Amino acid sequence: MARLKLAVLISGRGSNLQALIEACRNPAYPAEIVLVLTSEPDAPGLERAKAAKIPTRVVDHHDFSDRPAFETALTAEIEAAGATLVCLAGFMRLLGGEFVRRWRDRLINIHPSLLPAFKGLHTHERALEAGVRVAGCTVHFVREETDHGPIIVQAAVPVHPGDDAATLAARVLVQEHVIYPLAVRLIAEGRVKIVAERVVVAGAGAPTGALVNPAFEL
Ligand code: GRF
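Residues numbered from 1 in each chain as written. Predicted model: local features only at pLDDT ≥ 70, side-chain atom pairs only at ≥ 80, totals over all residues. Heavy atoms only, no water.

Undergrad: Would you take a moment to explain the side chain of Asp-147 for this structure?
TA: Its location among the elements puts Asp-147 in the loop between strand 6 (134-141) and strand 7 (151-158). Buried within the structure, Asp-147 lacks any salt-bridge partner; Arg-126 is the closest side chain of opposite charge, at an N-O distance of 6.7 Å. Here His-111 takes part through its side chain, which lies 3.4 Å from a polar atom of the side chain of Asp-147. Excluding residues within four positions of it along the chain, Asp-147 makes contact with Asn-109, His-111, Leu-115, Lys-119, Gly-120 and His-140. (Helix = DSSP H or I, 4+ residues; strand = E, 2+ residues; numbered from the N terminus. Buried < 20%, exposed > 50% of the residue type's maximum accessible area, 1.4 Å probe, protein only. Lys, Arg positive; Asp, Glu negative; His and termini not counted. Salt bridge = Lys/Arg side-chain N within 4 Å of Asp/Glu carboxyl O. Polar contact = N/O pair within 3.5 Å; in protein donor to acceptor, adjacent residues only side chain to side chain. Contact = heavy atoms within 4.5 Å.)

Below you can see the structure in the form of structure tokens.
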């Protein structure tokens, strides 16, 4: 079976990109990365792509007079690479309606919270501030509203006493690296359908049990 062709859009360190690169190394994994795209010429994640011999392109937003022109250039690169699924992996530029419509249901994002809680930036600080006992991460289809759209996979982790934003972020990040490759796999296998703006995953097992925090023997 042909592998699903991915374009991964990054702005920073690219650890989620790395998780996808590693998943794609397995010949049985049903997707491959054909392009890593960034708007940041110095994005450290570009080195990860180069090390894996994946083509990279920089579309620098400073070179464009407005957002539509920038996004047209992004789309041109994605189309030229033949990608049919676009994965945002720490891509820090807001994408406008035209781009989101062009890639509707073919554009996914990873966000470091259990959406719809804590959309936007500084998710871990805000989760700690709110005193939640469970945090996590979400892979979702992208809609025009930021950090909103049909949810594909989530993972939950406990918040520990004494956590700060860095320790919580690290615990969540471990799960990000699990669920992003998982979400891509499910899409590539054709298991993911959007029905009335909710995701239905064919053949999915549902975990039993609960994450209870704080934990006590009763
Ligand atoms: C991740 O926490 C992701 O959830 C968020 O941006 C961060 C990107 O990290 N959207 P990395 O560049 O993948 O390491």
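What follows continues from the structure just given.
Undergrad: Please clarify how the sheet that holds strand 4 (residues 85-88) should be interpreted in this entry.
TA: Note on sheets: strands pair through backbone hydrogen bonds, and any given pair is parallel or antiparallel. Read across the sheet, seven strands follow the order 3-2-1-4-5-6-7 without closing on themselves; strand pairing throughout is mixed. What marks the edges here is a single partner per strand, and that holds for strand 3 (56-58) and strand 7. Averaged over all pairs of adjacent strands, the angle between strand axes in this sheet comes to 20 degrees, irrespective of strand direction. Pairing of strand 4 with strand 5 (residues 107-111), which is carried by three bridges, proceeds in the parallel orientation. Each bridged residue has a counterpart across the sheet, and for Cys-87 the counterpart in strand 5 is Ile-108. Contacts from helix 1 (residues 15-25) reach strand 1 (4-10), strand 2 (31-38), strand 4 and strand 5 within the one sheet, and its direction differs from that of strand 2 by about 155 degrees. Here helix 6 (residues 165-188) sits on the sheet in contact with strand 1, strand 2, strand 4, strand 5, strand 6 and strand 7, set at roughly 155 degrees to strand 7. (Pairing = 2+ DSSP bridges. Axes fitted to C-alpha atoms, helices over the stretch in contact; angles between N-to-C directions.)

Undergrad: Any chance you could explain the site of the ligand here in plain terms?
TA: The environment of the ligand is made up of Arg-13, Gly-14, Ser-15, Asn-16, Gly-90, Ile-110, His-111, Pro-112 and Glu-176. Taking Arg-13, its side chain carries an N or O atom lying 2.5 Å from an oxygen atom of the ligand. With respect to the ligand, the backbone of Asn-16 contributes an N or O atom lying 2.8 Å from an oxygen atom. Protein burial of the ligand: of its 370 Å² of free accessible surface, 85% is covered by the chains. Among the secondary structure elements, those contributing two or more residues to the shell around the ligand are helix 1 and strand 5. (Near = heavy atom within 4 Å. Areas by Shrake-Rupley, 256 points an atom, 1.4 Å probe, with all protein chains shown as cover.)

Undergrad: Would you explain the pairing of strand 2 in this entry?
TA: Within a regular strand, side chains alternate between the sheet's two faces. With respect to burial, strand 2 is a largely interior element, seven of its eight residues being buried. As judged from the seven bridges shared by strand 1 and strand 2, these two strands associate in the parallel manner. If you follow Leu-6 over to strand 2, its bridge partner there is Ile-33. Handedness of the crossover joining strand 1 and strand 2 through helix 1 is recorded here as right-handed. Strand direction decides the pairing type here: strand 2 and strand 3, joined by three bridges, are parallel. Across the sheet, Val-36 pairs through a bridge with Thr-56, a residue of strand 3. Crossover handedness for the path strand 2 to helix 2 (residues 45-51) to strand 3: right-handed. (Right-handed = clockwise from strand over helix to strand, strands pointing away.)

Undergrad: Which parts of the structure should I look at to understand the domain arrangement of the protein?
TA: Accessible area lost upon the coming together of the parts is a frequently used measure of interface size. When the domains of the protein are assigned, the result is domain 1 (1-103) and domain 2 (112-204). Each of domain 1 and domain 2 has a C-alpha centre, and these two points are 20 Å apart. Taken together, the 21 residues of domain 1 in the interface contact 15 residues of domain 2. Approximately 1500 Å² of surface area, both sides summed, lies buried where domain 1 meets domain 2, with 73% of it carried by carbon and sulfur atoms. There are one salt bridge connecting domain 1 and domain 2. The residue Glu-144 makes a salt bridge to Arg-101 at a minimum N-O spacing of 2.8 Å. Linking domain 1 with domain 2 are five residue pairs in polar contact (both at pLDDT 80 or more). (Domains from an automatic or database assignment. Buried area = accessible area lost by both parts, 1.4 Å probe.)

Undergrad: Before we go on, may I ask you to explain the pattern of salt bridges in this structure?
TA: In a structure, side chains of opposite charge can pair up when their charged atoms sit close to one another. Tallied over the full model, the rule gives 13 salt bridges. The partner of Lys-50 in a salt bridge is Glu-47, and the shortest N-O contact between them spans 4.0 Å. Taken together, the residues span about one helical turn, with Lys-50 and Glu-47 both in helix 2 at a distance of three residues. The partly exposed category is assigned to Lys-50, whose relative accessible area is 45%. A relative accessible area of 51% places Glu-47 in the exposed class.

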